[in-house]
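# Survey of secondary and tertiary structure
Next come the chains, spelled out residue by residue.
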Amino acid sequence: MPLLDKETAEQVKQELADLAGPVRLVMFTQKFECDYCAETRQLVEEVAALSGQLTAKVYNFVTDKEKAEELGVDKIPAIAVVGAEDYGVRFYGIPSGYEFTSLLHAIRMVAAGKAELSEEGMQALAEVTEPMHMQVFVTPTCPYCPMSVVLAHQMAIASQMVRADMVEATEFPHLAMKYQVMGVPRTVINETAHIEGAAPEPMVLEKLQGALASAGE
Amino acid sequence: MEVKLLITPLEPEEADKEAGAVYDLIIIGGGPAGLTAAIYAGRAALRTLALTGPGPGGQVSVTDMVENFPGFPEGISGAELAQRMQSQAGRFGAQIVSDTATKVDFSTSPFTIQTHSVTYRARTVIIATGASPRLLGVPGEAEFLGRGVSTCATCDGFFYTGKRVVVVGGGDSAIAEGIFLTKFADEVIVVHRRDQLRATKIYQERAFANPKMRFVWDSVVEEILGEQTVTSVRVRNVKTGETSAVEADGVFVYVGMKPGTELFAGQVELDEAGYVLTGQRQHTSVPGVFAAGDVQSPDFRQVVIAAGSGAVAVMEAGQFLAEQAHSGAG
């Protein structure tokens, strides 16, 4: 049975009708010990079939280790959304529920290859000189979470130094524990800074700059 | 877990930006009141823009199960109901834009509504910005927000698997979400300032029958304590004055709502609690400006009533536009 019913598929088709360029959904999976790998793979393949600009590429996390390393993928299920270049846009865990919207957003943004941030935001990201890693913890039932995920992904697109992950917390409980996630969205930047809730762009920028300053020390 | 896929509007900039464009109706808010208004306005062929804000669906989107909305005999998840309303709203021609109004001016017609980047004009407006959870305002609450303090059980319930949580409040939200939290938590302790619940009987019966739920009556939370995360709350019995500690890993606050009316102060009349004052037919103090849903009434807070008032507001807006056209104004 398809994950996207007819109505949803039609809606997705419309949302992705005018993609600015080709996008690859690079998915990593394995057969066993991965709760949502099969569903995530199915989702990726169904979505990819809805636009001529989209292709799905599925790798085995174990046997295609080199590819995983190349894209910095360290857990599964994983989706790297790759356009003209790899902007560092990742989804760990299935982007279902409200996060399905984040996936569609990511595809559109990566296709265009440009972020829609404020002028100040673009300026600040142009000045990022150290590698920054944003991890946005979410649950699929959180309507506020896509705001944080989309914002982090935009920052990844705006700066080569920034990579941004959606992390579906219920699928990675050890990470939720490690980062003391007790509410979502929670954004962790470079292990050092964290943001509770769906913070607006200026606040996230401030945290990013704070983390950057401590990374530069 | 069943895999559900929700699509919310993607592009905030799709709205008509052409200079001089005046909408018949702008709806501010994207909960059941606003979305119902968008359905009715689209069908009435009013040139309509709905600014739904980024969090789609309003409060219903964070309601685990809606069991009292007619037409869904098995109940429907709040998220799915919101999603269905949203796709229905888009079917009839209303423009749905996930942008947020930041400033309004209702002093001259056409009214102006600004977002961060665009100024819109409209002959009529429906305010449907709803209400958001009120916090307790006690020490520790702000500090532990997201680290043990939450107002969204559907979002955060998972993190309390096998843990103990306090739910503050005694109304429908508190009890329904408390019951929902027993799916995850080992124990749910309801702290309520009275000696009985305000919640609908069916929720009360379920709560009292639930072996994971316990009640601390006549008590208020005075402080939320913890280190990295919450470890306990200090409660005070309002009858005896005694204070005691209740150990808990999380605190879910459901002590009522505050209306989303900051934007409208000085524009339309508000009541003492900040709700938009409306007459019987959803009129505000400004002719041509209407209000619907929880933003104008703390009394019922039901999806079906919000939806109903949204429909009334559109019919009245339509009437207002017809009268204006007739008198040659606007």
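Just so we're clear, the structure is a prediction, and the values are computed from it rather than from any experiment.

So, on to the overall build of chain A. Helices and strands together make up the secondary structure of chain A, namely 8 helices and 8 strands. Each of the 217 residues in chain A was classed as buried or not, and the buried ones make up 53%. A fraction of 74% describes how many contacts in chain A between residues 6 or more apart in sequence connect residues 24 or more apart.

The next subject is the nonpolar core. One broad rule of soluble globular proteins: the nonpolar side chains tend to lie buried together. Formed by 176 residues in total, the largest nonpolar core has its most connected members in V110 and M155 of chain A together with I26, A37, I126, V168 and V251 of chain B. Here the element with the most residues in this core is helix α6 (residues 145-158) of chain A; it accounts for 10 residues. When near neighbours in sequence (up to four residues on either side) are disregarded, A37 of chain B contacts I27, I126, A128, A292, G310, A313 and V314 of chain B.

For the rest of this paragraph, the subject is unusual backbone geometry. Between I76 of chain A and P77 of chain A the backbone carries a cis peptide bond, its omega angle lying at 0°. Relative to the helices and strands, P77 of chain A resides in the loop between α3 (65-70) and β3 (78-82). Going from S109 of chain B to P110 of chain B, the amide bond is cis rather than trans, its omega being -5°. Even without being a glycine, E33 of chain A presents a positive backbone phi close to 55°. With respect to the helices, strands and loops of the structure, E33 of chain A is situated in the loop between β1 (23-29) and α2 (37-48). Residue classification places E33 of chain A among the exposed positions, given that 7 C-beta atoms sit within 10 Å.

Interface size, as often reported, equals the accessible area lost upon joining of the parts. All names here are of chain A. Segmentation of chain A into domains returns domain 1 (6-112) and domain 2 (119-216). Each of domain 1 and domain 2 was reduced to a C-alpha centroid, and the two centroids are 19 Å apart. At the junction of the two partners, domain 1 supplies 23 residues and domain 2 supplies 22 residues. Those elements that place two or more of their residues in the side of domain 1 that touches domain 2 are β4 (89-92) and α4 (99-112). Among the elements that take part in the side of domain 1 that touches domain 2, α4 stands out by supplying 7 residues, more than any other.

Here the focus is helix α1 (residues 32-43) of chain B. All names here are of chain B. Here α1 is 12 residues long and its end C-alpha atoms lie 17 Å apart, about the 16 Å a rise of 1.5 Å per residue gives. Most of α1 sits out of view: 11 of its 12 residues are buried. Contacts from the buried residues of α1 go to β1 (22-28), β2 (48-51), α2 (78-91), β5 (95-97), β8 (119-127) and α6 (303-327).

With that settled, consider the packing of α1 of chain B against α2 of chain B. All names here are of chain B. It is the contact of α1 with α2, at a shortest axis distance of 7 Å, that shows an interaxial angle of 25°. As far as their axial angle goes, α2 and α1 are roughly parallel. Here α1 and α2 pass one another in a crossing that is left-handed. Contact with α1, carried on its side by P32, L35, A38 and I39, involves M85, Q86, Q88 and A89 of α2 and no other residues of that element. The class makeup of the residues in the contact of α1 with α2 is 6 nonpolar, 2 polar and no charged.

All names here are of chain B. What you see with β2 is no split at all: T48 and A50 on one side and L49 and L51 on the other are buried throughout. Taken together, β1, α1 and β2 constitute a β-α-β crossover, and its handedness is right-handed. Pairing geometry for β2 and β5, over 3 bridges, is parallel. What sits directly across from L49, in β5, is Q95.

Right, let's talk about the interface of chain B and chain A for a bit. Contacts between the two partners involve 27 residues from chain B and, on the opposite side, 32 residues from chain A. Tallied by class, residues from the side of chain B that touches chain A come to 13 nonpolar, 11 polar and 3 charged.

Neighbouring strands of a sheet are bound in pairs by backbone hydrogen bonds; such pairs are parallel or else antiparallel. All names here are of chain B. With parallel pairing, the 5 strands of this open sheet are ordered in space as β10-β17-β11-β12-β13. What marks the edges here is a single partner per strand, and that holds for β10 (149-150) and β13 (213-216). Both strand β11 (residues 164-168) and strand β17 (residues 250-253) contribute to a ladder of 4 bridges, which runs parallel. The residue of β17 that forms the bridge with V166 is V251. Lying on the sheet, helix α4 (residues 172-181) is in contact with β11, β12 (187-191), β13 and β17; it crosses β11 at an angle near 170°.

Residues and elements named next belong to chain B. Within the element layout of this structure, V233 appears in strand β15 (residues 230-237). According to the C-beta neighbour criterion, V233 is buried, with 30 such atoms within 10 Å. Linking V233 and V246, residues 13 residues apart in sequence, is a C-alpha distance of 5.3 Å. Not counting the four nearest positions on each side in its chain, V233 is found in contact with V166, V221, E223, I224, L225, V246, A248 and V251.

A separate point is the pairing of β8 of chain B. Residues and elements named next belong to chain B. Across the 9 residues that make up β8, a large majority, 7, are buried. Across 6 bridges, β1 lies against β8 in parallel orientation. Along β8, the bridge assignment pairs Y23 with A122. In the sheet, strand β7 (residues 111-114) pairs with β8 via 4 bridges, with the strands oriented antiparallel. Across the sheet, residue T112 finds its bridge partner in β8, namely R121. Counting the residues between successive antiparallel strands, the hairpin from β7 to β8 contains 4 residues. Strand direction decides the pairing type here: β8 and strand β19 (residues 289-291), joined by 3 bridges, are parallel.

What counts and how
Each chain has its residues counted from 1, following the order in which its sequence is written. The lettering of chains begins at A and the numbering of ligands begins at 1, in the order of writing. Only residues with pLDDT of 70 or above have their local features reported here, since the model is predicted, and side-chain atom pairs are shown and tallied only from 80 upward, although totals for entire chains, interfaces and linings are computed over all residues. Numbering goes from the N terminus for both helices and strands, where a helix is a DSSP run of H or I of at least four residues and a strand is a run of E of at least two. Working definition of burial: number of other C-beta atoms within 10 Å of the residue's own, with buried at 20 or more, exposed at 12 or fewer, and partly exposed in between, all C-beta atoms being placed from the backbone. Placing C-beta atoms from the backbone, we regard two residues as in contact once those atoms come within 7 Å. Buried Ala, Val, Leu, Ile, Met, Phe, Trp, Tyr and Cys residues whose C-beta atoms connect them within 7 Å together make up a nonpolar core. Where each domain begins and ends follows an automated or database-derived domain assignment. Every helix has an expected span of 1.5 Å times one less than the residues it contains. Axis lines are fitted through C-alpha atoms, for helices just across the contact stretch, and the angle between N-to-C directions can take any value from 0 to 180 degrees. Between 65 and 115 degrees an angle is taken as roughly perpendicular, under 35 as roughly parallel, over 145 as roughly antiparallel, and anywhere else as oblique. Handedness of each helix crossing follows the sense of rotation of the near helix against the far helix: counterclockwise by less than a right angle gives left-handed, clockwise gives right-handed. Lys, Arg, Asp and Glu make up the charged group, whereas Ala, Val, Leu, Ile, Met, Phe, Trp, Tyr, Cys and Pro make up the nonpolar group; the residues left over, Gly among them, are polar. Handedness rule for crossovers: strands pointing away from the viewer, path from the first strand over the helix to the second running clockwise, crossover right-handed. Pairing between two strands is assigned when DSSP locates at least 2 bridges connecting them.

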